[in-house]
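Listed here are the chains, written in short residue letters.
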Amino acid sequence: MLNNKYQMPFCGLSLKLYETGKKAPSMEYSASSTKAKFLCSLTKQLYGLSQIMDWYNTAQVQAYVKAGYSLKWGSKVQQAKETKYGADTEQVVTCYMVKPPMQQNVDGFKPISQTVPQYTPQPMTQAQPSAPDHAVPVQNMNDMDDEIPF
């Protein structure tokens, strides 16, 4: 078991697909769904297609889930260890646990929480009157009308 950059061994469930001899758009690799078994990288135990959730709920895999890992699917084509029916390659499809990378800004801009200044409450001040000290209330509204010269 190889250690990854997070100091936990690789945790995955792999299924081997064998070459069919056909080319795309036909299926180039296949496996029988009744006979094919997934192999756990940690325990080397075999799981059927309907038992993937059983594998996910094992204590070994749940340790990864609690550490923040999530599931990811991947595949690779590799040289076959045994040549079956003249085929020399096989495809390995793997469901494996990965730790999400640290969140970084994608476009080079700062996140909004770092750009927009945070609200800081200001102390209340005494309201100031807007009228000057010598202002007198109007007694007659007719005095308010100005003569407009035409």
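Treat the numbers as computed from the prediction; the structure is a model and nothing was measured.

Q: Describe the layout of surface pockets, listing the residues and the values that go with them.
A: Size it by volume and the largest pocket reaches roughly 630 Å³. Lining the largest pocket we find 24 residues, and of these Ser-14, Leu-15, Lys-16, Leu-39 and Val-92 sit closest to its centre. Elements with a contribution of two residues or more to the lining of the largest pocket: strand S1 (12-19), strand S3 (38-40), strand S5 (70-84) and strand S6 (87-98). Among the elements that take part in the lining of the largest pocket, S1 stands out by supplying five residues, more than any other. Its residues assigned to classes, the lining of the largest pocket shows twelve nonpolar, six polar and six charged.

Q: Now, about unusual backbone geometry: what can you tell me, with residues and values included?
A: Each neighbour pair has its own omega, and for Ala-24 with Pro-25 the value is 15°, a cis peptide bond. If you trace the backbone, Pro-25 turns up in the loop between S1 and strand S2 (29-30). For Lys-44, which is not glycine, the phi torsion reads 60° and is therefore positive. You can see Lys-44 is positioned in the loop between S3 and strand S4 (46-47).

Q: A description of the environment of Gln-60 should follow, citing residues and the corresponding values.
A: Looking at the element boundaries, Gln-60 is found in helix H2 (residues 59-66). Separated by 49 residues in the primary sequence, Gln-60 and Cys-11 have C-alpha atoms spaced 8.6 Å apart. In this view, Gln-60 contacts Leu-42 and Thr-43; residues no more than four positions away in its chain are not counted.

Q: Run through the nonpolar core, naming residues and quoting values.
A: Judged by nonpolar contacts, the single largest core of 17 residues is most densely connected at Cys-11, Leu-13 and Trp-55. Sorting the residues of this core by element identifies S1, S3, helix H1 (52-56), H2 and S6 as the ones contributing at least two each. Of the residues forming this core, the biggest block, three residues, is contributed by S1.

Q: Could you give an account of the pattern of salt bridges, with specific residues and numbers?
A: In this structure the tally under the stated criterion is one salt bridge. Salt-bridge contacts for Lys-16 lead to Glu-90; the nearest nitrogen and oxygen are separated by 3.6 Å. Separated by 74 residues along the polypeptide, Lys-16 in strand S1 and Glu-90 in strand S6 bring together distant segments of the chain. In this structure Glu-90 comes out as buried when scored by relative accessible area, which is 3%.

What counts as what
- Residues numbered from 1 in each chain as written.
- Predicted model: local features only at pLDDT ≥ 70, side-chain atom pairs only at ≥ 80, totals over all residues.
- Heavy atoms only, no water.
- 1 Å grid on protein atoms, 1.4 Å probe; cavity = no way out; pocket = protein on both sides within 12 Å on 5 of 7 lines; lining within 4 Å.
- Points joined across faces, edges and corners; volume = space filled by probe spheres on them.
- Helix = DSSP H or I, 4+ residues; strand = E, 2+ residues; numbered from the N terminus.
- Nonpolar A, V, L, I, M, F, W, Y, C, P; charged D, E, K, R; others polar.
- Contact = heavy atoms within 4.5 Å.
- Core = buried A, V, L, I, M, F, W, Y, C linked by side-chain atoms within 4.5 Å.
- Buried < 20%, exposed > 50% of the residue type's maximum accessible area, 1.4 Å probe, protein only.
- Salt bridge = Lys/Arg side-chain N within 4 Å of Asp/Glu carboxyl O.

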